[in-house]
Amino acid sequence: MRLLPAYLWPRFLKRRLPTSLWGRSLLIIVLPVLVMQMAVTWVFFDAHWQTVTARLSEGLAGDIAWAVESYEDDPSPANLDKLANRAERSMSLSIVLQDGRTLPTEERRGAIGVVDRVLDKALDARLDRPYWFDTTRYPAYVDIQVQEPQGVLRIIAPRERAVATQAHIFVLWLAVATVLLMGVAILFIRNQVRAIERLADAAEAFGRGETVPRFKPHGAREVRAAAVAFMAMRDRIQRHIDQRTALLASVSHDLRTPLTRLRLELALAPPFKRQSAMRGDLDEMEHMIDEYLDFARGEAGEPPKPVPISELLKAAGEDAKRAGAEVEVVVADGLTASVRPLAFKRALVNLAGNAASHGENVRLSARALASGGLEIIVEDDGPGIPEAMYDEAFRPFSRLDDSRNQNRKGVGLGLAIARDVARGHGGDVTLDRSELGGLKATIRIPGAVTVAESA
C-alpha cells in the first residue's frame, strides 16, 4: 500500500472529517477527551503500575529465594515442614516438594506478557537454580517451581503479591468519568445545534413562503442574536412585499377604471375601421396588468396541501389547447404532491402558454423522483432558446424577441413567475433542449410525493 505524499494528508483528512456542526463540535469535545484518557492511561501503566508490579515481583522473588536457600541449608522433611508453616503464616506462600520430578518443558505466558517479563526478570536476579512459573493457570495465584536435587520445590503465591491487581479499578473510574463527561458534552452540543437547526428551518420555511408562528430564539447568545436579526429581516421583507402588492393593486385598480370606460365607449360607439385593433390593445393592457399582479403577489400566503398533479397538468394543457397547440399530457392519475394549488397552477399555465405561443405541439409530463420530490417537464417544438440566453430568459420583462419571435402577448414575466413559484416551494426551474426540437422547461421541487397504486 503506497503512502500519500505529505502535502496530500491535510486534504485527505479534511475530506474525512465531519461536515456538520454537530459532528465537528462533538469531535472537538471527544477527540481531546480520548487523547487525554490514552495519555493518562499510558502514564499510569508506564510510570505507576509497572513500577509497583516490579517492586512486588522483586519482593516475591526475594521471599522465594529465602525459602529455597533455607531448604537447601537443611533439605530434611522436618525442616521443609517447618519452613512451609512459617512461609504460609508469614508470607502467604504454599511450599511443597515434589520428589523426583523435573520442571515442565512448556511455557505458559499471558496474552500481554508484562507480568511475565517483570516476574521473570526478578526471579532471574534472585535465583541461581533453574525455575519455571505460570501466571495463567490460576486466576488468583502464581505457580512457581524451582529445580532441586531431590525434585521440584513448588511454591504457590497469591497473585496480588506479584501484580498490582487493582489497576483495572483506576481504568474503570477513568472510563466512567469519560463517559459522564462525554454525555454532558453531547447534551450541551445537541441543544446548541438544535437551536441553529430551528433557525435554519425557519429561514427555509420563510423562503418557501411559509411562516413559523411559534419560532422563538434559543441557544447561546450569538445564536439568539442571529435569530432576532433574522426575524427583523423577515418582518422588513414581508412589509416590503405587502407594500409592493398593495401599490400594484392600487395601480391596477386605478388603471382598470379608465380601461373599463374605454371598453364601454368602444361598445357604444358606431363601428369604425380601428375598432377591433383598439379592443385588442385593451385586452393586452388588461393581460399586462394581470401579469404584474401575479408577479408581485406570487400567491405566497396560500397554504400548501396535497393536490393531484394530473388535474393541474390537464388544466394547463386545456389552456395551451385554447392557444391553438396540440397538447400531450403524460402523468399517472395517482401522482399527488403537497403544493400551493393556485400558485403552482399559475406556474404551469405560464409555462404551457409560453410553449403554445412558440410551438405547435406541446408535451406535459410529470413523475416522482427516486430521491424524493416531483419533476414536471413542459416541452414544445418551437424555435427554442440558445443555451447562452437561458439565464436571461428568467429575468423579469425579458422577451427574447430575436430567438423566439415577437411575443404575441404579455410582458415577459411567464418564466420569471414560474421560477418564483418553484423556488417558493424549495425547488427551481431549468431550461434545456427538447426532444421535440424546441424548449424544455423542467420544474423540480422537493417534498413528499405519493403515487397511488392502480386498482
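- You'll find the chain entered in an unreviewed UniProt entry as histidine kinase, with Brevundimonas fontaquae given as the organism.
- Database annotation for the chain, UniProt heading Subcellular location (unreviewed entry): "Cell inner membrane".
- Listed in UniProt under the heading Catalytic activity (unreviewed entry), the comment for the chain reads: "ATP + protein L-histidine = ADP + protein N-phospho-L-histidine."

## Some points on the packing of aromatic side chains
Working step 1: Under the criterion given, the structure shown has zero aromatic pairs.
Working step 2: Arginine 419 extends its terminal NZ or CZ atom over the ring of phenylalanine 394, reaching a point 3.6 Å from the ring centre.

## Here we look at the pairing of strand S7 (residues 335–339)
Successive side chains on a regular strand alternate, one facing one side of the sheet and the next facing the other.
Working step 1: Of the two faces of S7, the one lined by Leu335, Ala337 and Val339 is fully buried and the one lined by Thr336 and Ser338 carries no buried residue.
Working step 2: For strand S5 (residues 305–308) and S7, the ladder comprises four bridges, and the chain directions are antiparallel. In the sheet register, proline 308 faces S7, and the bridge partner there is threonine 336.
Working step 3: For S7 and strand S12 (residues 449–451), the ladder comprises three bridges, and the chain directions are antiparallel. Paired with threonine 336 across the strands is threonine 450, a residue of S12.

## Re the packing of helix H8 (residues 309–322) against helix H9 (residues 341–358)
Working step 1: Two elements in contact, H8 and H9, have axes whose closest approach is 8 Å; the angle formed by their N-to-C orientations is 35°. Note that H8 runs across H9; the crossing there is right-handed. Of H9, the residues touching H8 (which contributes Leu312, Leu313, Ala315, Ala316, Asp319 and Ala320) are Pro341, Phe344, Lys345, Leu348, Val349, Ala352, Gly353 and Ala356.
Working step 2: Class assignment for the residues of the contact of H8 with H9 results in 11 nonpolar, one polar and two charged.

## Some thoughts on unusual backbone geometry
As a rule of thumb, non-glycine residues mostly have phi less than zero, and peptide bonds are mostly trans rather than cis.
Working step 1: Not every positive phi belongs to a glycine, and serine 92 is a case in point at roughly 55°.
Working step 2: Considering the arrangement of structural elements, one finds serine 92 in the loop between helix H3 (77–91) and strand S1 (94–99).

## Overview of the sheet that holds S5
Working step 1: Across the sheet, three strands lie side by side as S5-S7-S12; this open sheet has antiparallel pairing. Whereas interior strands pair on both sides, the edge strands pair on one side only; in this sheet they are S5 and S12. Across the sheet, the axes of successive neighbouring strands diverge by a mean angle of 25°, strand direction being ignored.
Working step 2: Together, S5 and S7 form the strand contacts of H8, whose direction differs from that of S5 by roughly 60°.

## So, the side chain of aspartate 63
Working step 1: Counting through the fold element by element, aspartate 63 comes out in helix H2 (residues 21–73).
Working step 2: Leave out the neighbours within four places in its chain, and aspartate 63 touches Met91, Leu93 and Arg161.

## Describing the packing of H9 against helix H12 (residues 414–424)
Working step 1: Viewed as axis vectors pointing N to C, H9 and H12 meet at an angle of 145°, and their least axial separation amounts to 8 Å. Of the two elements, H9 crosses H12, and the hand of that crossing is left-handed. Across the interface between the two elements, Ala343, Phe344, Arg346, Ala347, Asn350 and Leu351 of H9 pack against Gly414, Leu415, Ile417, Ala418 and Val421 of H12.
Working step 2: Counted by class, the contact of H9 with H12 contains eight nonpolar, two polar and one charged residues.

## Structural notes on the pattern of salt bridges
Working step 1: Applying the stated criterion across every chain, the model contains 14 salt bridges.
Working step 2: Among the salt bridges present, the one from glutamate 318 reaches lysine 321, with a minimum N-O distance of 3.8 Å. Of this pair, glutamate 318 and lysine 321 both sit in helix H8, three residues apart, which is roughly one turn of that helix.
Working step 3: What makes glutamate 318 partly exposed here is its relative accessible area of 41%.
Working step 4: The structure contains a network of salt bridges with shared partners spanning Glu72, Arg129 and Glu148.

## Observations regarding H9
Working step 1: In this model H9 runs 26 Å from its N-terminal to its C-terminal C-alpha over 18 residues, within 8% of the 26 Å that 1.5 Å per residue would give.
Working step 2: Extensive coverage of H9 is indicated by the burial of 13 of its 18 residues.

Reading the values: rules and limits
Residues numbered from 1 in each chain as written. Predicted model: local features only at pLDDT ≥ 70, side-chain atom pairs only at ≥ 80, totals over all residues. Heavy atoms only, no water. UniProt positions renumbered as here; feature names shortened; annotations may be inferred. Phe/Tyr/Trp six-rings, centres within 6.5 Å; stacked < 30°, edge-to-face > 60°. Lys NZ or Arg CZ within 6 Å of the ring centre and 35° of its normal. Buried < 20%, exposed > 50% of the residue type's maximum accessible area, 1.4 Å probe, protein only. Helix = DSSP H or I, 4+ residues; strand = E, 2+ residues; numbered from the N terminus. Pairing = 2+ DSSP bridges. Axes fitted to C-alpha atoms, helices over the stretch in contact; angles between N-to-C directions. Left-handed = near helix turned anticlockwise from the far one by under 90°. Contact = heavy atoms within 4.5 Å. Nonpolar A, V, L, I, M, F, W, Y, C, P; charged D, E, K, R; others polar. Salt bridge = Lys/Arg side-chain N within 4 Å of Asp/Glu carboxyl O. Expected span 1.5 Å × (residues − 1).

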